[in-house]
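Observations on the model geometry
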Amino acid sequence: FTIIVCVMFDAIVYYNLFLKIASSFVVCLGVLLVFWGLQIYNDEKNSQYWPSTSGTVIQTELIRSCCRGGVSFTPSWTYEYFIDSKRYTSYRTTFGSADTYSNEVKAQQVLCSHPIGSKVSVIYNPNNHNKAALQLSNSTSFYWLLLFVGLLCIIIGLFILKVVPIHKNENNYV
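These notes cover the structure that comes with them. (Residues numbered from 1 in each chain as written. Predicted model: local features only at pLDDT ≥ 70, side-chain atom pairs only at ≥ 80, totals over all residues. Heavy atoms only, no water.)

**With respect to the environment of Phe-25**
To be explicit about the condition: Numbering goes from the N terminus for both helices and strands, where a helix is a DSSP run of H or I of at least four residues and a strand is a run of E of at least two. Exposure classes here rest on a 1.4 Å probe applied to the protein chains alone. A residue is buried below 20% of its type maximum, exposed above 50%, and partly exposed in between.
Within the secondary structure, Phe-25 sits in helix 1 (residues 2-47). Look at Phe-25 and you get exposed, because its relative accessible area is 56%. Separated by 128 residues in the primary sequence, Phe-25 and Cys-153 place their C-alpha atoms 9.4 Å from one another.

**Observations concerning the nonpolar core**
The cut-off we apply is this: Put simply, buried Ala, Val, Leu, Ile, Met, Phe, Trp, Tyr and Cys residues joined by side-chain atoms within 4.5 Å make one nonpolar core. Contact between two residues is taken to exist if any of their heavy atoms lie within 4.5 Å; hydrogens are not considered.
Judged by nonpolar contacts, the single largest core of 16 residues is most densely connected at Trp-77, Tyr-79, Tyr-81, Val-120, Val-122, Ala-132 and Leu-134. Of all the elements in the fold, those that place two or more residues in this core are strand 2 (70-83), helix 2 (104-111) and strand 4 (119-125). Setting aside anything within four residues of it in sequence, one finds Leu-134 in contact with Trp-77, Tyr-79, Arg-92, Thr-93, Val-120, Ser-121, Val-122 and Ile-123.

**Quick look at unusual backbone geometry**
One non-glycine residue, Asp-84, lies in the positive phi region at around 55°. Examined against the element boundaries, Asp-84 turns out to sit in the loop between strand 2 and strand 3 (86-90). The exposure class of Asp-84 is exposed, given its relative accessible area of 71%. Phi angles above zero are rare outside glycine, and Ser-85 is one such case at about 65°.

**A closer look at the packing of aromatic side chains**
Aromatic ring pairs are reported here in terms of the distance separating the ring centres and the angle at which the planes meet. Condition: What counts as a ring pair is set by centres within 6.5 Å for rings of Phe, Tyr and Trp (its six-membered ring), and what kind of pair is set by the plane angle: stacked under 30 degrees, edge-to-face over 60, tilted for all other angles.
The full count for this structure, using the stated rule, is two aromatic pairs. Between Tyr-79 and Tyr-81, the aromatic rings sit 6.1 Å apart at their centres with planes inclined by 35°, giving tilted as the arrangement. Each member of the pair Tyr-79 and Tyr-81 is classed as buried. Judged by centre distance (5.6 Å) and plane angle (20°), the rings of Tyr-81 and Tyr-88 are stacked. By relative accessible area, which is 0% here, Tyr-81 ends up buried. For Tyr-88, a relative accessible area of 10% translates into the label buried. One aromatic cluster is present, built from ring pairs that chain together Tyr-79, Tyr-81 and Tyr-88.

**Considering the pattern of salt bridges**
To be explicit about the condition: By definition, a salt bridge exists where a carboxyl oxygen of Asp or Glu is found within 4 Å of a side-chain nitrogen of Lys or Arg.
Going through the model one piece at a time under the given rule, you end up with one salt bridge. Taking the shortest distance from any N to any O, the salt bridge between Arg-87 and Glu-80 comes out at 2.6 Å. The exposure class assigned to Arg-87 is partly exposed, which follows from its relative accessible area of 45%. The exposure class assigned to Glu-80 is buried, which follows from its relative accessible area of 18%.

**Considerations on the pairing of strand 2**
Looking down a regular strand, the side chains alternate between one sheet face and the other. Spelled out, the test is: Strand pairing is assigned whenever DSSP identifies at least 2 bridges connecting the two strands.
Counted residue by residue, strand 2 has ten buried out of 14 residues, so it is predominantly covered. Bridge analysis of strand 1 (residues 52-67) against strand 2 gives twelve bridges, and the strand direction is antiparallel. The residue of strand 2 that forms the bridge with Arg-64 is Phe-73. Connecting strand 1 to the next strand, strand 2, in antiparallel fashion are two residues.

**Quick look at the sheet that holds strand 1**
Put simply, the test is: To obtain each axis, a line is fitted to C-alpha atoms, and for helices this fit is confined to the stretch in contact; angles are then taken between N-to-C directions over 0 to 180 degrees.
One open sheet holds the five strands; their spatial order is 3-2-1-4-5, and the pairing between them is antiparallel. In the strand order of this sheet, the two ends are held by strand 3 and strand 5 (128-133), each with one partner. With direction set aside, neighbouring strand axes in the sheet form an average angle of 40°. Direction of pairing for strand 1 relative to strand 4: antiparallel, over a ladder of five bridges. Residue Gly-55 lies in a different strand from strand 4, and its bridge partner there is Val-120. Each of strand 1 and strand 2 is contacted by helix 2, which is oriented at about 5° to strand 2, the strand it contacts most.

Structure representation (structure tokens):
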């Protein structure tokens, strides 16, 4: 009977240790998501005041993604632009989430709005010319989602860290 109790207690100690490690990982993940969401929010907010320049589309692609709800299509453009005679390239459409479509024909029509060789207006960060986008985002849902999920991860992880005990003395069951 004593051996069974010892084995069960060891299993609980290791399980509790696993929960502590997993919840620490969840907290770290939450912090990263919050920082990512704040970075996107900051870029979108500041980009309203950034300068723009002319660019040229050098590549187009329709990205196909499979999801639980079916297939989605995201138009993607790679474009080049010049600042102070230096060439930069970017693929970013907005600083938030890219527009996706469930209808391939509609996505293809949007993609054709900027064919290869067409001129586009590029918004760029005056302090970091590599950070650029074609348009300001109309949607704030992506960074709010990141902030919400990040904060939820932090709260759940901290709750588990606070509630789950760690047994420091392994011999207290004898």
